[in-house]
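Spelled out, the chains give:
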Amino acid sequence: MASKFDYDLFVIGGGSGGVRAARMAAGTGARVAIVESHRYGGTCVIRGCVPKKLFSYAAHYHEDFEDAAGFGWTVGEQRFDWRRLMANKNAEIARLEGIYERLLNDAGVAIHRGHGRLLDAHGIEVEGSAQSGAQNPNRSFRAETILIATGGAPSYPPGPGWEFAISSNEVFELDALPERAVVYGGGFIAVEFASIFNGLGVQVTEIYRGPQILRGFDDDVRDALAAEMVKKGIALRLETTIDHIEKTASGLALRLSDGETLETDLVLAATGRRPNTGNLGLSAAGVALNEGGAIMVDAYSCSSQPNIYAVGDVTDRIALTPVAIAEAMAFVDTVYRGTPRAMDHTSVPSAVFSHPTVATVGLSEHEAREVCAEIDIYRSSFRPLRHTLTGRDERAMMKLIVDRRSQKVVGAHMVGADAPEIIQGIAVAIKAGATKRDFDATVGIHPTAAEEFVTLREPVAEPSRQAAE
Ligand code: NDP
């Protein structure tokens, strides 16, 4: 008997989470379709993690050329060509986009282009540009299960003049670099782009409303990164807001909360992202949203409508690509492999590609003090070996947080070169429940910064800033 559904699974959103779920579900024999309104690859590939990291590499050469002198090199004239970087970045992103589509095709997923909207709990309407590879000539379909993976979009603060600012979408399409830029916010995107612009020679002011950047991170990390960013020439203005923005003959004039007017050429609003849940027909399909507009899901990523699931940034969990992918895998196990599995959101490591980089896994000192009866803090701040010859005044900071009773390491934090590469390995140990003794019993790799994590012997005697407050 023919199925009353065109597809077993219809995925709305072709980013990291949606593409992974579509491919893996199709691999189990399910009939799967996917729709994307922009470009396959989503935020991470098209205007997020990947191009950001390419820009971050580009920005680091500035210091690398300077540092080379200490190692005996004479480096010739340095000129930076933004257009060449953009062209190379665009070519790489187009290549990755092609790979995403090829993987979907190879898995037998029907690829649709356009805006997908729910008509009811099983109906999907696709409007927009022509579809390709679809089995059904109609523009509306019925699917047994629907997965929403539409991600998020940048949000601007309220107030006049924000139409003159750009977001982290437009920053990847700039025709030219400005001479001066203001980055507004103190989160991931703000510190990453303050570092990128600064490294590329832009005069950068980062303005943040709070007392220290990277709220939610360990306070030693926040202080250490802020100090290094200031040393690199970024003007950091804390406890300050932008009240309005005006266009002037020579650029933009920002009226700040302290009464000052700041002139700049470009304002990047890095003030958070909101879930893409508008115009999706969610209420018609019985899908409930939370106060922030995110799809509410249970531990299995199931929404309030039992056949509709959601993964990634469109839900209000952890807005990171690998988390969306892991949620997608758990969804496929649950619905298509007969092995229901809730995604484990504990001890998810994360990194900030600022200069220097930050990486972290587990609890901050502040969080650990709330969860554990007693903790020991191990901390080291040092000048990396490389900078003994470059003369650069840059310090690395590493910190372990140990639950004194169980002796488990509950948090690891680092600010310094290669922190994300180092913390990825430490995250395995923490996920496996390693104790401080396990760290101590591990032989270091010498000479590295990473070995500090296994040679920290004495807990710090004096309380850290956050404990003292
Ligand atoms: P974040 O939530 O990290 O930071 C937003 C910043 O904007 C905060 O400093 C916040 O201040 C500030 N802010 C929010 N609203 C206002 C307002 N109305 N006025 C003034 N300031 C405001 O968001 P991002 O946009 O930087 O990044 C979004 C998410 O994307 C991140 O949370 C992260 O999950 C992900 N991401 C991950 C990256 C990585 O893995 N390396 C890189 C980039 C993004 P306050 O702290 O006071 O609330």
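Structure's up top.
Right, let's walk through the structure included here. Small disclaimer: the values here were computed from a predicted structure and weren't measured. (Residues numbered from 1 in each chain as written. Predicted model: local features only at pLDDT ≥ 70, side-chain atom pairs only at ≥ 80, totals over all residues. Heavy atoms only, no water.)

**Comments concerning helix α6 (residues 219-231)**
For step 1, the next point in the chain: Taking 1.5 Å as the rise per residue, α6 with 13 residues should run 18 Å; its terminal C-alpha atoms sit 18 Å apart, in good agreement.
For step 2, the next point in the chain: Residues Asp219, Asp220, Val221, Arg222, Ala224, Leu225, Ala226, Glu228 and Met229 constitute the buried set of α6.
For step 3, the next point in the chain: Here α6 starts with a cap whose side-chain oxygen sits 2.9 Å from the backbone nitrogen of aspartate 220, and that cap is aspartate 218.
For step 4, the next point in the chain: Phi for glycine 233, located one or two positions after α6, is positive at around 110°. (Helix = DSSP H or I, 4+ residues; strand = E, 2+ residues; numbered from the N terminus. Expected span 1.5 Å × (residues − 1). Buried < 20%, exposed > 50% of the residue type's maximum accessible area, 1.4 Å probe, protein only. Polar contact = N/O pair within 3.5 Å; in protein donor to acceptor, adjacent residues only side chain to side chain.)

**Some thoughts on the packing of helix α1 (residues 16-27) against helix α4 (residues 82-106)**
For step 1, the next point in the chain: It is at 9 Å that the axes of α1 and α4 come closest, and there the two elements cross at 25°. Between α1 and α4, the angle is such that the two are roughly parallel. Pair α1 / α4 crosses with left-handed handedness. Seen from α1, the contacting residues are Ser16, Val19, Ala22 and Arg23; seen from α4, they are Tyr100, Leu103 and Leu104.
For step 2, the next point in the chain: A class-by-class count of the residues in the contact of α1 with α4 yields 5 nonpolar, 1 polar and 1 charged. (Axes fitted to C-alpha atoms, helices over the stretch in contact; angles between N-to-C directions. Parallel < 35°, antiparallel > 145°, perpendicular 65-115°, else oblique. Left-handed = near helix turned anticlockwise from the far one by under 90°. Contact = heavy atoms within 4.5 Å. Nonpolar A, V, L, I, M, F, W, Y, C, P; charged D, E, K, R; others polar.)

**Side note on the site of the ligand**
For step 1, the next point in the chain: The environment of the ligand is made up of 21 residues, and the closest members are Gly186, Ile189, Arg215, Ala319 and Ala351.
For step 2, the next point in the chain: A distance of 2.8 Å is found between an oxygen atom of the ligand and a backbone nitrogen or oxygen belonging to glycine 186.
For step 3, the next point in the chain: A distance of 3.1 Å separates an oxygen atom of the ligand from a polar backbone atom of glycine 272.
For step 4, the next point in the chain: For the ligand, whose unbound accessible area comes to 900 Å², protein coverage reaches 76%.
For step 5, the next point in the chain: When residues in the shell around the ligand are grouped by element, the largest group, 3 residues, is from helix α5 (residues 188-199).
For step 6, the next point in the chain: The class makeup of the residues in the shell around the ligand is 11 nonpolar, 5 polar and 5 charged. (Near = heavy atom within 4 Å. Areas by Shrake-Rupley, 256 points an atom, 1.4 Å probe, with all protein chains shown as cover.)

**A look at the sheet that holds strand β13 (residues 261-264)**
For step 1, the next point in the chain: Spatially, β11-β12-β13 is the arrangement adopted by the 3 strands of the open sheet, whose pairing is antiparallel. Two strands in the sheet have a free side with no partner beyond their single neighbour: β11 (242-248) and β13. Pairs of neighbouring strands in the sheet enclose a mean axial angle of 25°, with direction left out of account.
For step 2, the next point in the chain: Of the strand pairs in this sheet, β11 and strand β12 (residues 251-256) are connected by 6 bridges, and their pairing is antiparallel. The residue of β12 that forms the bridge with histidine 244 is arginine 255. (Pairing = 2+ DSSP bridges.)

**A look at α1**
For step 1, the next point in the chain: Between its first and last C-alpha, α1 extends 17 Å over 12 residues, near the 16 Å set by a 1.5 Å rise per residue.
For step 2, the next point in the chain: Burial in α1 covers these residues: Ser16, Gly17, Gly18, Val19, Ala21, Ala22, Ala25 and Ala26.
For step 3, the next point in the chain: Taken together, the buried residues of α1 touch β1 (7-12), β2 (32-36), α2 (42-47), α4, β6 (140-148) and α7 (321-335).
For step 4, the next point in the chain: At the C-terminal side of α1, glycine 29 shows a positive phi close to 100°.

**Describing the packing of aromatic side chains**
For step 1, the next point in the chain: Here the structure, examined in full by the defined rule, presents 12 aromatic pairs.
For step 2, the next point in the chain: With 5.6 Å between their ring centres and 65° between their planes, phenylalanine 188 and phenylalanine 217 make a pair best called edge-to-face. Placement of the pair is phenylalanine 188 in helix α5 and phenylalanine 217 in the loop between β9 (203-207) and α6, with a sequence separation of 29 residues.
For step 3, the next point in the chain: On the basis of relative accessibility, which here comes to 32%, the residue phenylalanine 188 falls in the partly exposed class.
For step 4, the next point in the chain: Look at phenylalanine 217 and you get buried, because its relative accessible area is 13%.
For step 5, the next point in the chain: Geometrically, the ring pair formed by phenylalanine 331 and tyrosine 336 is edge-to-face, given 6.0 Å between the ring centres and 80° between the ring planes.
For step 6, the next point in the chain: An aromatic cluster of three or more residues is present, and its members are Phe55, Trp82, Phe172, Phe193 and Phe197.
For step 7, the next point in the chain: The ring centre of tyrosine 378 lies 4.2 Å from the NZ or CZ of lysine 436, which sits over that ring. (Phe/Tyr/Trp six-rings, centres within 6.5 Å; stacked < 30°, edge-to-face > 60°. Lys NZ or Arg CZ within 6 Å of the ring centre and 35° of its normal.)

**Concerning the sheet that holds strand β14 (residues 266-269)**
For step 1, the next point in the chain: Taken together, the 4 strands give an open sheet; going across it, the order is β10-β9-β8-β14, and neighbouring strands pair in parallel fashion. Looking at which strands have only one partner, the edges of the open sheet turn out to be β10 (235-237) and β14. On average, each strand axis in the sheet is tilted by 20° relative to the strand beside it, whichever way the strands run.
For step 2, the next point in the chain: Of the strand pairs in this sheet, strand β8 (residues 180-184) and β9 are connected by 5 bridges, and their pairing is parallel. Residue pairing across strands places alanine 181 opposite valine 204, the latter belonging to β9.

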